[in-house]
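The lines below spell out each chain.
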Amino acid sequence: MCGIFGYLNYLIERDRRFILDILTNGLSRLEYRGYDSAGLAADGDSDSDILVYKQVGKVAALKKLVDEQTCDFNASFISHCGMAHTRWATHGQPSQNNSHPHRSDNANEFVIVHNGIITNYKEIKTLLEKKGFTFESDTDTECVAKLTKYIWDSQKGSNITFTNLVKLVAKELEGSFAFIFKSIHYPHEIVATRRGSPLLVGVKTAKKLKVDFVDVEFSSESVPEAHPVQETNHFLAADNGQPRLRRSQSRAFLSEDGLPQPIEYFLASDAAAIVEHTKRVLYLEDDDVAHIADGELHIHRLRRDGEDAATSRSIQTLEIELAEIMKGSFDSFMQKEIYEQPESVVNTMRGRVNFENHKVTLGGLRGYLPAMRRARRIVFIACGTSYHSCLATRGIFEELTEIPTQMELASDFLDRRTPIFRDDVCIFVSQSGETADTILAMRYCLERGALTVGVTNTVGSSISRETHCGVHINAGPEIGVASTKAYTSQYIALVMMAIQLSEDRSSMATRREEIIEGLYLLPGHIREVLAIDSSLQELASNTLSKEKSLLLMGRGYQNATCLEGALKIKEISYMHSEGILAGELKHGPLALIDENMPVILIMTKDSLYPKVQSALQQVTARKGQPIIICNTGDTNLLNDYRTIQVPQTADCLQGLVNIIPLQLLSYHLAVLQGVDVDFPRNLAKSVTVE
């Protein structure tokens, strides 16, 4: 849930002000991952000095603290490494002591930043306390910093490399983590490793790299050490055009003439922090150990994998633009992302839906469709908003494929150790592709031989790499913690999957054509709803903003819309809200209804319309005054009730239109409460811990 960022420059002169600005600006791009405290570590004026600054609050508070320091901001470095961290508290309250980076001792011999949770930290802490170590924080991360110091002390005289030291530390850890290590014993070097938490490396050079991959160096191979440079008048001396610095096998980072080249590296939890600097990135995999020194990146492994393990990591090109992660003319990222949905739903369908032939082609499922059609059941596994997108499309999956479909919250799925079989198809939905519970559920299903399908918004994420096949929703970067455009894009991706799975069923041809026609009209329908934003703002201000609780009711396809709308309202505005299946009204929730309880009832036209009319009568009979989301021109409702009118579309797509006014209402309620829309309290965007 935290955000980590690192920056290294080699043969490129940078002053301390530039370096500190890069670190803090990188953190501001990751602030959606955690924002209760922040900190950074950078080189001091000598190799035995590491500057550490930490502050409670958002990154802006850290920037203010840094600006108040008396260090020489004009000091320049031709080689430097620094790292930074923004925190979402898991162990210990937000405080300066609990903020990262954490140190091994008062001399800052080892300094680390961490995203994840170490589950065996209490055992490590007990051991280290017996060895005389004292702790200054309540975090699990400090145990790792002190463990590194303990192992270093025990290895004195052995000339252990920084990489091997980190390997020894990582082998003692249980849980999920992404670490960056820095040490006064290894100046101008950084080691990063990950297991279960995302980490990528950006590479920036003036010249083209020789190759677009980095070899993986396994533990059984000996890596030649770089020979020291002899004293000369030049930083790198050459005889007859040949450098004296002997290079190792990391061929990617030499220039075309074989000489080391000026280079900058950026490490981050998310590509959003890197894209403004470079689009060339390399995604680390679980148990990778990346060592950066002397301008070279080496990737080692904590353990040797099987024969099929990849022996290199490719350097990929990011396809996002800086403008996509900026607010532009909007007041917040959430507002921007709500208004981007007419375009984001088109991007999800682009190149996949042929509206003339009424065909859907998902290239990521090619080769696996026959196996998916033979499945004895489909199991959706997700958390939060992603779970609601699965719930919203379960009905159309069952209708089109006639395959039994099961819904699972990832955490509960793991708690129950749910039986999974080889002829099951398990679909894992996650915006980030790094949701911890969903990843653990995916690995559980892989171990049992099920076919796994990933639906994510993040290229290179753990779920997109480890599943057999999948679909990228192509919604573009989503920065606001409350998911909006990712929900609608996930919804569409799953509907497209259901359509393609049913293409061998001629009896469903008319139904498929109806849905595809609805997809064609969808961007226009969303724009129509966005056009009534001012009336929704007025409704929020005059009617709902003073309320303490809110009930949302619907049934059929709209049950998921109610649950998702209630989630948005509670997580952004902190108002208690509850989504209720209208068919369950008489089984308890009706007791809550009176003239003071605000109710939103979703009553758009589909086969269940008469049944929802019954729920409306039950509410009004108890003096309830519901606000009704209905289709434009529904004369049965317009004269007698307060309504929010939305365009009518295919029943299985109506939820895509109905959710837009609820997203806008949640946004306006939050603004009226004066809370931070993009960064709600106690929450973070990418849930990479269990």
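What you see is a predicted model, and the numbers here were worked out from it, not measured in a lab. (Residues numbered from 1 in each chain as written. Predicted model: local features only at pLDDT ≥ 70, side-chain atom pairs only at ≥ 80, totals over all residues. Heavy atoms only, no water.)

Undergrad: Before we go on, may I ask you to explain the overall build of the protein in this structure?
TA: Tallying secondary structure elements over the protein gives 19 helices and 30 strands in all. For 690 residues, the compact-globule estimate of 2.2 N^0.38 gives 26 Å, and the C-alpha radius of gyration of the protein, at 27 Å, lies within 12% of that figure. Within the protein, buried positions represent 59% of all 690 residues. Considering only intrachain contacts with a sequence separation of at least 6, the fraction spanning at least 24 residues in the protein is 75%. Split by element, the accessible area of the protein, about 27400 Å² in all, is 47% carbon and sulfur. For the protein, the separation between the mean place of its 72 positive charges and that of its 88 negative charges on side chains is 2 Å. (Helix = DSSP H or I, 4+ residues; strand = E, 2+ residues; numbered from the N terminus. Rg over C-alpha atoms; globule rule 2.2 N^0.38 Å. Buried < 20%, exposed > 50% of the residue type's maximum accessible area, 1.4 Å probe, protein only. Contact = heavy atoms within 4.5 Å. Areas by Shrake-Rupley, 256 points an atom, 1.4 Å probe, with all protein chains shown as cover. Lys, Arg positive; Asp, Glu negative; His and termini not counted. Charge placed at Lys NZ, Arg CZ, Asp CG, Glu CD.)

Undergrad: I tried to follow helix 15 (residues 533-544) on my own but got confused; where do I start?
TA: Along an α-helix, residues three or four apart share an orientation, since each turn contains 3.6 residues. Considered for burial, the residues of helix 15 that qualify are Asp533, Leu536, Leu539, Ala540 and Leu544. What you see down the axis of helix 15 is that its buried residues fit within an arc of 115°, all on one side. Helix 15 presents Ser534, Glu538 and Asn542 as exposed residues on the side facing more than 90 degrees away from its buried surface. (Arc of directions from axis to C-beta.)

Undergrad: What am I meant to see in the packing of helix 4 (residues 141-154) against helix 5 (residues 162-170) here?
TA: Two quantities define a packed helix pair, namely the angle between the axes and the distance from one axis to the other. Relative to each other, helix 4 and helix 5 sit at 120°, their axes nearing to 10 Å. Of the possible angle classes, the one that applies to helix 4 and helix 5 is oblique. Relative to helix 5, the crossing made by helix 4 is right-handed. Packed against helix 4, whose contacting residues are Val144, Leu147, Thr148, Ile151 and Trp152, the element helix 5 presents Leu165, Leu168 and Val169 at the interface. In terms of residue class, the contact of helix 4 with helix 5 is built from seven nonpolar, one polar and no charged. (Axes fitted to C-alpha atoms, helices over the stretch in contact; angles between N-to-C directions. Parallel < 35°, antiparallel > 145°, perpendicular 65-115°, else oblique. Left-handed = near helix turned anticlockwise from the far one by under 90°. Nonpolar A, V, L, I, M, F, W, Y, C, P; charged D, E, K, R; others polar.)

Undergrad: Help me out: how do you make sense of the environment of phenylalanine 110 in this one?
TA: Here phenylalanine 110 shows up in strand 6 (residues 110-118). A sequence separation of 37 residues divides phenylalanine 110 from leucine 147, and the C-alpha atoms of the two residues are 9.8 Å apart.

Undergrad: Where do I start with the pairing of strand 23 (residues 424-430) in this structure?
TA: Consecutive side chains along a regular strand alternate between the two faces of the sheet. With seven of its seven residues buried, strand 23 lies for the most part within the structure. Residues Asp424, Cys426, Phe428 and Ser430 line one face of strand 23 and the alternating positions Val425, Ile427 and Val429 line the opposite face, and both faces are buried. Note that strand 21 (residues 377-382) and strand 23 share five bridges and pair parallel. Paired with arginine 377 across the two strands is aspartate 424, which belongs to strand 23. By the bridge criterion, six bridges tie strand 23 to strand 24 (residues 451-456) in an arrangement that is parallel. Note that in strand 24 the partner of serine 430 across the bridge is threonine 456. Regarding topology, helix 11 (residues 436-447) serves as the crossover connection from strand 23 to the parallel strand 24, and that connection is right-handed. (Pairing = 2+ DSSP bridges. Right-handed = clockwise from strand over helix to strand, strands pointing away.)

Undergrad: Looking at this structure, I do not really get the nonpolar core. What am I missing?
TA: Across soluble globular proteins, you tend to see nonpolar side chains buried next to one another. Residues Leu365, Phe397, Ile427, Leu494, Met497, Ile600 and Leu665 are the most contacted members of the largest nonpolar core, which totals 87 residues. Ranked by residues supplied to this core, first place goes to helix 13 (residues 485-501) with twelve residues. In contact with leucine 494, not counting residues within four places along its chain, are Phe380, Ser389, Cys390, Thr393, Phe397, Ile427, Val429 and Val455. The next biggest cluster of nonpolar side chains, apart from the first, holds 41 residues, and it includes Ile19, Leu20, Leu40 and Ala42. (Core = buried A, V, L, I, M, F, W, Y, C linked by side-chain atoms within 4.5 Å.)

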